[in-house]
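For reference, the chains in residue letters:
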Amino acid sequence: MKKYIAWTLILVTLLLAACRPVGTQPTDPDNIVGTATPTTQPTEPQPTEPQPTEPKPTEPKPTEPTVPLGPDGFPADLNTDGDVVAQFQKLLDNDSWYTQALFMEYDDPTTIRLNDFLFCGSMNWPYEHATQEEREALRKQLGVPDEEEWWGDWESMDPATMDEVLQTVFGLSLADFPESELQYIPFLESTGRYYYGRTDSSLVWNVSVVGIRELENGNVEVYYTCDFLYPENGVVTLMPDGDGHIVLSNKGL
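Everything in this summary refers to the structure shown in the same document.

1. Things to note about the overall build of the protein chain
In step 1: Secondary structure summary: the protein chain contains seven helices and eight strands in total.
In step 2: The proportion of buried residues among the 253 residues of the protein chain is 36%.
In step 3: Taking as baseline every contact in the protein chain between residues at least 6 positions apart, the subset at least 24 positions apart corresponds to 58%.

2. Comments concerning the layout of surface pockets
In step 1: Volume-wise, the largest pocket comes out at about 150 Å³.
In step 2: Taken together, 15 residues line the largest pocket, and the ones lying closest to its centre are Glu105, Glu232, Asn233, Lys251 and Gly252.
In step 3: Elements supplying a minimum of two residues to the lining of the largest pocket: strand 6 (220-228), strand 7 (230-241) and strand 8 (244-252).
In step 4: No other element matches the four residues that strand 7 contributes to the lining of the largest pocket.
In step 5: Residues belonging to the lining of the largest pocket are distributed by class as follows: eight nonpolar, four polar and three charged.

3. A closer look at the side chain of Thr237
In step 1: Position of Thr237 among the secondary structure elements: in strand 7.
In step 2: Those residues in contact with Thr237 that lie beyond four places of it in its chain are Asn219, Val220, Glu221, Ile246, Val247, Leu248 and Ser249.

4. Re the sheet that holds strand 1 (residues 128-129)
In step 1: Taken together, the four strands give an open sheet; going across it, the order is 1-2-4-3, and neighbouring strands pair in antiparallel fashion. Looking at which strands have only one partner, the edges of the open sheet turn out to be strand 1 and strand 3 (187-188).
In step 2: One ladder, built from two bridges, connects strand 1 with strand 2 (residues 154-157); its direction is antiparallel. From the neighbouring strand, His129 faces strand 2, where its bridge partner is Glu155.

5. Here's the deal with the sheet that holds strand 5 (residues 205-214)
In step 1: The sheet built from four strands is open, its strands ordered 5-6-7-8 with antiparallel pairing. Of all strands in the sheet, those with a lone pairing partner are strand 5 and strand 8, marking the two edges. On average, each strand axis in the sheet is tilted by 30° relative to the strand beside it, whichever way the strands run.
In step 2: Of the pairings in the sheet, the one linking strand 5 to strand 6 comprises seven bridges and is antiparallel in character. Its bridge partner lying in strand 6, Ile212 is registered against Val222.
In step 3: Sitting on the sheet, helix 2 (residues 82-91) is in contact with strand 5, strand 6, strand 7 and strand 8, with an inclination near 135° to strand 5.

6. Focus: the environment of Val84
In step 1: Tracing the backbone through its elements, the reader meets Val84 in helix 2.
In step 2: Relative accessible area serves as the criterion here: at 18%, Val84 is assigned to the buried category.
In step 3: Considering only alpha carbons, one finds Val84 and Val209, 125 residues apart in sequence, at a separation of 9.8 Å.

7. Brief notes about the packing of aromatic side chains
In step 1: On inspection of all chains with the given rule, the structure shows eight aromatic pairs.
In step 2: Considering the side-chain rings of Phe187 and Tyr194, the 4.8 Å spacing of their centres and the 50° angle between planes classify their relative orientation as tilted.
In step 3: Overall, the relative accessible area of 12% leaves Tyr194 in the buried class.
In step 4: Pairwise contacts between aromatic rings join Trp97, Phe103, Tyr106, Phe117 and Phe170 into one cluster.

8. Structural notes on the pairing of strand 7
Side-chain positions along a regular strand alternate between the two faces of the sheet.
In step 1: Inspection of the sheet shows strand 6 paired to strand 7 by nine bridges, in the antiparallel sense. When the bridges of strand 7 are listed, Tyr223 appears paired with Val235.
In step 2: The antiparallel hairpin formed by strand 6 and strand 7 contains one residue in its connecting segment, where Leu229 sits at a positive phi of about 70°.
In step 3: Pairing analysis gives eight bridges linking strand 7 to strand 8, with the strands arranged antiparallel. Among the inter-strand pairings, Leu238 is bridged to a residue of strand 8, identified as Val247.
In step 4: Here strand 7 folds back onto strand 8 in antiparallel fashion, the turn holding two residues, of which Gly242 has a positive phi close to 65°.

Rules used in this analysis
- Residues numbered from 1 in each chain as written.
- Predicted model: local features only at pLDDT ≥ 70, side-chain atom pairs only at ≥ 80, totals over all residues.
- Heavy atoms only, no water.
- Helix = DSSP H or I, 4+ residues; strand = E, 2+ residues; numbered from the N terminus.
- Buried < 20%, exposed > 50% of the residue type's maximum accessible area, 1.4 Å probe, protein only.
- Contact = heavy atoms within 4.5 Å.
- 1 Å grid on protein atoms, 1.4 Å probe; cavity = no way out; pocket = protein on both sides within 12 Å on 5 of 7 lines; lining within 4 Å.
- Points joined across faces, edges and corners; volume = space filled by probe spheres on them.
- Nonpolar A, V, L, I, M, F, W, Y, C, P; charged D, E, K, R; others polar.
- Pairing = 2+ DSSP bridges.
- Axes fitted to C-alpha atoms, helices over the stretch in contact; angles between N-to-C directions.
- Phe/Tyr/Trp six-rings, centres within 6.5 Å; stacked < 30°, edge-to-face > 60°.

So, in structure tokens, the structure goes:
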């Protein structure tokens, strides 16, 4: 009988355990999963400093010439109108003082060689042959011994003619030139004339005008070819002066 009661109690205990409602089991806080609030705050991305970028090297632009040059070294934008060329061709015709102004390069006419400009060796210019008396006077004035060979050709020109030529071509007078230039053209007090002796020639010839360019200041560049010991190309700059022009400079090309 006691054994029966004991088994009955064990059976009842098991039945009660099996019928207990399921509840929330205690959980380890470290194993919580779901909507629990995280313990660490989200980190915002830190702004990054922009890294300086080195500028890319740029290819240098080719410098365009102010005046594009033509095949012969002359500007491509020349005015080659026939009437215009003829006007300046007449000014620079052979046996002209303007033609002779092309005998050397210069930016300032007062730096030219007066002896080569005024006494260029052409017989069509306003020269006078020196007489024997004048030649002897020049020999003594220049201190040349009698036994030394004396230049055979001496020409003379009076100061008024020289001034007229210089004024017409350059707008200058003889007084505008340095005294050092006058040593090459001795002056005889007895005749009142300047002299120069030479056995060669500085004459410019066969000038051919190619075209012109009119500058903003009103001056004119005249481009030309000529013969002076050898063919040359050049540009002479002229300034209008009344009905004519005066020469400001002459440059080779």
